[in-house]
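Inside the fold
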Amino acid sequence: MTDSRPQQPSPSWSSPPGQAGPAPLLLCGARLADGRTVDVRLGGGRIEAVGTAGSLAADGRRACGTRVDLTGHLLLPAPAEAHAHADTALSAAGDGPVPDDPDDVRRRATEAALLQLGHGATALRAHVRVGDVAGLGALTAVLRARRSLRGLAELTTVAVPRLLTGVAGADGLAVLRDALKMGASVVGGCPDIDPDPAGYVEAVLEVASEHGCPVDLHTDADDPARLSRIAAMAGGLRPGVALGPCGGLARLPGEVAARTADRLAAAGVTVVTLPQGGCGAVDRRGVAPVRLLRSAGVRVAAGSGALRDVSNPVGRGDPLEAAYLLASRHGMSPEDAYAAVSASARAALGLPEVRVEAGFPAELLAVRGDTLSGALSLAYSRVVVHAGRVVARTSAVREYCGSAAEAEGDPGLPRQARGPT
């Protein structure tokens, strides 16, 4: 069984203190999604070479460095977490409001990011509330967590003000600008709860334009006219605008939802759906109609949303579970479902593409299994590579007690072998 508590990586996985970059790394015997078994050499944070198994062990040009045996593992581009809530994560067990003590927020945000890194997410976008009573305290704490995670995972923050219009909105605008100066890199928010949703979006886009930032907004998307206005207003920032979770789109009549999807596609807006559950910024739950959106040409990414807070007290924050749900419940192929948490999620975050090919960033996830569908079904053992080095491992061993048939010598039961983990 696995220990769910996040652990700091062993020093042997890391570069020595003061070293400019990670040591060369050779991943041996990994299976790719196309069925090939390969060795993959990493160096300088990138994939240097991909060759047939055994071909890169000693090519005469450079030392291979550390070897990692990935026999029995499927090697994939690493997922990215496109929608997390760092300031409320892991708070479901407490009584009353979410603690806003900066040390508590920093601890929970760090632990949550390590949990998600263990699942494979080497890049994370965290929404953080700013303004009102909390001010900038939660953001300060999450930015501290980001610094402590440097070298392990790439954490970016979204500043989420409550109100941006009217008299109360003036304070929200001031806090939002201060949040961006402090280090938040994305402008967020929830126009649905502002008395003037269109004015809220206009304010967000103005601030984002001032600071050259992407936009990531919460909306249930149950009002097609409002969503169409948001899409039209956001079109000027394409492709830097994301909307989620948009579960309300699935409750609209088919023709209305299709027209709205066409408008989102025309505006270049990304929809980030949350198949594992909702988040506190949007009261209603539900999953966006991913097949309809994709057929209209909308980029669809998937995030985790709430990670064990009051919105989803059993949230796992596992991108592979999100992909599993997209495939098992929403009709996506395993390949498209995994792309929603990897390639599409990275694109939504403005990160470079990853392929298991020479020249691409060494952001990789090895999962025990032979096929992608099998990995999404039983993805227990994982090895996570960020910036060219192993930063997390999860090993799971399943054992069975002896059966009566085995004692009687019945050859009908398959043997359960315990291989390397």
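Note that this is a predicted model, so its numbers are computed, not measured.

1. Quick notes on the overall build of the protein chain
Looking only at helices and strands, the protein chain features twelve helices and 16 strands. A total accessible area of about 18600 Å² is found for the protein chain, and carbon and sulfur atoms account for 52% of it.

2. Here's the deal with helix 9 (residues 334-341)
Listing the buried residues of helix 9 in full gives Ala-337, Tyr-338, Ala-340 and Val-341. Down the axis of helix 9, the buried set is contained in an arc of 150°. They therefore lie on one face.

3. Structural notes on the confidence of the model for the protein chain
Summary statistics for the protein chain give a mean pLDDT of 88 and a share of 87% for residues scoring 70 or more. A low-confidence stretch, residues 8-19 (pLDDT under 50), is modelled with 14 contacts involving residues beyond four sequence positions or located in other chains.

4. Details of the pattern of salt bridges
Oppositely charged side chains can form a pair if their charged atoms are brought close together. Applying the stated rule across the entire model yields 18 salt bridges. Notably, a salt bridge pairs Asp-223 with Arg-226, separated by 4.0 Å at the nearest N-O pair. The class for Asp-223 is partly exposed, based on a relative accessible area of 27%. In this structure, the salt-bridge partner of Arg-316 is Glu-321, at a minimum N-O distance of 3.2 Å. Judged by relative accessible area, Arg-316 falls into the exposed class, the value being 54%.

5. Observations concerning the pairing of strand 5 (residues 73-77)
The buried fraction of strand 5 amounts to four of the five residues, a majority that puts the element mostly inside the structure. Relative to strand 14 (residues 364-368), strand 5 runs antiparallel, the two being bridged by five bridges. Each residue of the ladder has a partner; that of His-73, found in strand 14, is Arg-368.

6. Considering the environment of Thr-66
One can find Thr-66 in strand 4 (residues 66-69). Along the primary structure Thr-66 and Leu-25 are separated by 41 residues, whereas in three dimensions their C-alpha atoms are 4.9 Å apart. Once residues lying within four places of it in the same chain are set aside, the contact partners of Thr-66 are Pro-24, Leu-25 and Leu-26.

7. Let's talk about the side chain of Ser-228
By the secondary structure assignment, Ser-228 is in helix 5 (residues 224-234). Setting aside residues up to four positions removed in sequence, Ser-228 forms contacts with Thr-260 and Arg-263.

8. What about the environment of Arg-108?
Positionally, Arg-108 belongs in helix 1 (residues 102-119). Non-local contacts of Arg-108, meaning those with residues more than four positions away in its chain, are made with Ala-86, Asp-87, Thr-88, Ala-89, Leu-90, Ser-91, Val-98 and Pro-99.

About the thresholds
- Residues numbered from 1 in each chain as written.
- Predicted model: local features only at pLDDT ≥ 70, side-chain atom pairs only at ≥ 80, totals over all residues.
- Heavy atoms only, no water.
- Helix = DSSP H or I, 4+ residues; strand = E, 2+ residues; numbered from the N terminus.
- Areas by Shrake-Rupley, 256 points an atom, 1.4 Å probe, with all protein chains shown as cover.
- Buried < 20%, exposed > 50% of the residue type's maximum accessible area, 1.4 Å probe, protein only.
- Arc of directions from axis to C-beta.
- pLDDT = per-residue confidence, 0-100.
- Contact = heavy atoms within 4.5 Å.
- Salt bridge = Lys/Arg side-chain N within 4 Å of Asp/Glu carboxyl O.
- Pairing = 2+ DSSP bridges.

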